[in-house]
Amino acid sequence: MLYSPERSSLAGTAPTGSAEAGKIFPAGVISGKRHILHGVKDENGSSMGRVYKSISKLSNSLRRALPALLLCGIASFSAATAHAQSASTWDKRGQDAEARQDFDTAYEDYHKAVLKKPKDLRFTEHFEKMRYQASVAHVDRGRVLRQSGDPQGAMAQFTRALQIDSGNQAAQQEIDGIQRQQQSDRDNTPQAKEQMSRQNETLSTIGSIAGPVELKPVSNDPITLHMVEDVKVIYEAIGKAAGLNVLFDPDYSSKRIPVDLTNVTLSDALRIVGTISGTFYKAITPNTIFVATNSRTKRTDLDEQAVQTFYLTNASQQNDANEVVIAIRNLLDPSVKIYLVPSQNAIVMRATPDQLLLAQKLLNDLDRARPEVVVDVAVLEVNKNVEHNLGITLPQSITLTPQANPTTTTSGSTSTTTSGTTTTSNFTLNTLAHLNANNFAVTISGGTLNALLSDADTRVLQNPSLRATDGQRATMKIGEKIPVATGSYNAGVSTGVASIGVQTQFTYLDIGVNIDMTPTVHYDREVTLKMKIEVLSQITTVNISGVNEPVIGQRTSEQVITLKDGEPSLLAGIITKNDALNINGTPGVGELPFLKYFFTSRDKINDKTEIVFIIIPHIVRESILTRANVRAIDTGTGQSIELRRDASMNDSDSEPVNSIKPHNSPTPTSAANAASAMVQQLSQQAAPTPPPANYVPGAQTTPAESTPAPAPAAQTPATSTVGGPPISFTVVPPESSQPVGSTFQVAVMLGNGHDVSSVPLQLQFNPALLQLVNVDAGDFLGKDGQAVSLVHREDKGLVAISSIRPPNTAGVSGTGSLCTLTFKAIAPGDSTLTLVKVGALNSAQANLPAVGSQATVHVK
């Protein structure tokens, strides 16, 4: 117990023998009565002042030690409270942390729950699942740091991932890769190379294998040649001009040909001379060529063969790889050796360098990521039943029963009991002769007063979303299975044992919503859907040969349709209305105009059922075609494949040809909202008003969207003829991590600008972590004082920005800030800011080549 001088009797009571003896002083008063203690002695003659000084010292020491003692007590209580947490409490904390996507905290909490109750499978399942998620989260964060140029931070993240899940091979591979890179940076001395392992020596030997020979002429100056000479002389003249050695096949017979060349490249000069003379050349060394007669035999003997392995990145099944192999085999020479390795998803080829290069080009064109589409399906069923039962029903029947005599009752009693006997007389001829009213018993049914209002409104909504790959079948079944008898047989007939009896065979039928879909995504952002949607329900049962069979209600829609991205479609709309009126009452009186409400009961039933099927496709991954994929290339003659290089090809070939042009599209909607809107529309009794051309059921449009502004002329640019380096777009995020709830700005910088008039771009971010607040214009496009129009639109993490200078004004050049985006951090994590689509137009409305970039924002 802590000593408290305020609570002690010595602190509040005057000493014995003083003038104040016997009095009790309040706390604090004793300090003002020190003169009383100094002159007073106790019974043994000692001074009471010494006692007071000792008490004062003890009081001051305890007062100074009191905060530390309180802290120790609180810490002990907290430790005891933490130790007393149950496994369920730690598991609940882990679930809360998992909902916040704080995987590290969730992992630790689940671990503590497992330590509390290691035999509880629920806690073990949560812990094992979170072990994987936390480890993967650290791997993803480490990869972001590695790409950002922070190998030490990446190594820490990968190590932590491996500590959480020792079986995470991805983390181990990343660690090995960083260690190899660091080792290669250190091992640059001859002494370190001598200590390489046999594996490294093998890799070094493999790496020393030379590839196909490429000519490296001394001079690349244009060649001008006008002569009529022997072919060998012409080849030697060209070789001297380019600094090449020329060798001839001993079997070649030369002849005189005329040559007239003016300012042509080396490759074109050799190609022209070879075409005129019927010869071809092959590079033996970087500065030596060998010339021979252009015949299939010589080609087969002299063409250099190379081996190359091509890895397919988008072949999801062997059939995809087989199609690519068949296409390459049919286009190349039959002598080309090509093999498919399904286990590695790779193609190995042995062919000439030009054939290998052509095969590489074909692989870039054919090995493409398949588009994917998410189909939002809504099946809405609305059942509405209204019943009015109102009225008075009088007795409907009277029954007369003849009897011989009225029922008589005799009774008798004794000293202890009383008994009664009821006797009914039978009919006799005398009874028939003396019939009267007492010989008939009358039974009248009761009347009924009905006052009932029943209103039932039932809505059943099935709103699944199904994601599928282009050309691949996808199915979804939501519901249950019920047994259905399909037949029966007598097992005793075949076995000879009559006691076995009849055996009934059953199958199971899927009840609920069944979706079968095969999408085809076109390059014009249209989707063809081959769909079958079934809604099956058990209505009732029927007995067939002693077996209760279910009666299945079926609503099926099966068709092939083509829709645009985000376009809703009404597959089937069925409205069933049933009106019934039942009248019960007294004939005659119940038919009178006014009295019928008092002598009849009317039961009016209105039953209406509505079924709506709505589907909306959304393309979530598309296959982008560039001009390099669709342009024609020169492959030589039919006798041999010879590719011709053109150094004038620029980066404009990488521009997508099926890119999305900005357009004023209505607000996206979901199938559930569209189905609800469609039911309301179908329920209206009045004639519907024709919707506008851009109407989407269920979508909420603003006044600005209802009357879209005309697209500017910059949306239809002319063909680009501008050369030079491409325009670079750079995302500049804040350097430090952003706390949750804070706002920060991200700048988009433009570099290498030349005559830039308008810039459309799209930036992708994670909407679960960041929220776009605003987009402000930068100072680049308006540096000369011109007004700049900036419009942005954000949809689920994809923000489209368009910045345009006034028409008929010159563009601007240089470097500067294009726009500034303000974000709000709403959840912890790492969000990548990626410029998915960039572009620029000059003052002549011609495309300018542009490249984008990406950056990462850390939210803690």
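What you are looking at is a predicted structure, and each value in this text was computed from that prediction instead of being measured.

**Describing helix α6 (residues 121–147)**
Line of reasoning, step 1. The end-to-end C-alpha distance of α6 is 39 Å, a good match for the 39 Å that 27 residues give at a rise of 1.5 Å each.
Line of reasoning, step 2. For α6, every residue scored as buried is listed here: F123, H126, F127, M130, A134, S135, H138, V139, G142, V144 and L145.
Line of reasoning, step 3. Where α6 begins, one side-chain oxygen reaches toward the backbone nitrogen of R122, 3.0 Å away; that side chain belongs to D120.
Line of reasoning, step 4. Of the residues flanking the end of α6, it is G149, one or two places downstream, whose phi is positive at about 90°.

**Description of the packing of aromatic side chains**
The description of an aromatic ring pair rests on the distance of the ring centres and on the angle between the ring planes.
Line of reasoning, step 1. Evaluation of the coordinates by the stated rule reveals four aromatic pairs.
Line of reasoning, step 2. Ring geometry for Y107 and F127: centres 5.3 Å apart, planes at 25°, overall stacked. Taken together, the positions of Y107 in helix α5 (residues 103–116) and F127 in helix α6 put the pair 20 residues apart, joining distant regions of the chain. For the pair Y107 and F127, one class covers both residues: buried.
Line of reasoning, step 3. Linked through ring pairs, F744, F765 and F823 together constitute an aromatic cluster.

**Comments concerning the pattern of salt bridges**
Line of reasoning, step 1. One pass over the structure, following the stated rule, counts 23 salt bridges.
Line of reasoning, step 2. In this structure, D303 and R299 form a salt bridge, with 3.9 Å as the shortest nitrogen-oxygen distance.
Line of reasoning, step 3. You can call D303 partly exposed: its relative accessible area is 22%.
Line of reasoning, step 4. As a salt-bridge pair, E534 and K532 come within 3.6 Å of each other at their nearest N and O atoms.
Line of reasoning, step 5. On the basis of relative accessibility, which here comes to 18%, the residue E534 falls in the buried class.
Line of reasoning, step 6. Look at the salt bridges and you will find they share partners, linking R143, R146 and E174 into a network.

**A short note on the sheet that holds strand β6 (residues 306–311)**
Through backbone hydrogen bonds, the strands of a sheet pair up, either in parallel or in antiparallel fashion.
Line of reasoning, step 1. Overall, antiparallel pairing links the three strands, which are arranged β6-β8-β7 in an open sheet. Strand pairing shows two members of the sheet lacking a second neighbour, β6 and β7 (337–341), which therefore form its edges. Neighbour-to-neighbour, the strand axes of this sheet turn through a mean angle of 15°, independent of strand direction.
Line of reasoning, step 2. Each of β7 and β8 (346–351) touches helix α14 (residues 318–331); the most contacted strand, β7, lies at about 175° to it.
Line of reasoning, step 3. Sheet strands in contact with helix α15 (residues 353–366) are β6 and β8, and its direction is about 10° off that of β6.

**Considerations on the side chain of D603**
Line of reasoning, step 1. Within the secondary structure, D603 sits in strand β21 (residues 600–621).
Line of reasoning, step 2. Ignoring any residue separated from it by four or fewer positions in sequence, one finds D603 in contact with E387, H388, N389, A580, L581 and N582.

Criteria and cut-off values
Numbers given for residues are sequential positions, taken from 1 along each chain in its written order. Per-residue local features of the predicted model are confined to residues with pLDDT of at least 70, and side-chain atom pairs are confined, for both listing and counting, to 80 or more; whole-chain, interface and lining totals are unaffected and use all residues. Side-chain measures here rest on the full set of heavy atoms in the structure, leaving out hydrogens and waters. Secondary structure counts use DSSP, requiring at least four H or I residues in a row for a helix and at least two E residues in a row for a strand, with both numbered from the N terminus. In a helix, the anticipated span is given by 1.5 Å times the number of residues less one. Here the term buried applies to any residue with accessible area under 20% of the maximum for its type, exposed to any over 50%, and partly exposed to those in between, with areas from a 1.4 Å probe on protein chains only. Nitrogen and oxygen atoms within 3.5 Å of one another constitute a polar contact, given that in protein one can donate a hydrogen and the other can accept it, and given that sequence-neighbouring residues count only through two side-chain atoms. Only Phe, Tyr and Trp rings are paired, with Trp represented by its six-membered ring, and only when their centres lie within 6.5 Å; those with planes under 30 degrees apart are stacked, over 60 edge-to-face, the remainder tilted. Counted as salt bridges are all cases of a side-chain nitrogen of Lys or Arg within 4 Å of a carboxyl oxygen of Asp or Glu. Pairs of strands are assigned from DSSP output, requiring at least two bridges between the strands. Orientation is described by axes fitted as lines to C-alpha atoms, over the contacting stretch for helices, and by angles from 0 to 180 degrees between their N-to-C directions. Whether two residues are in contact is decided by their heavy atoms: any pair within 4.5 Å suffices.

Geometric values such as these leave the question of function open.
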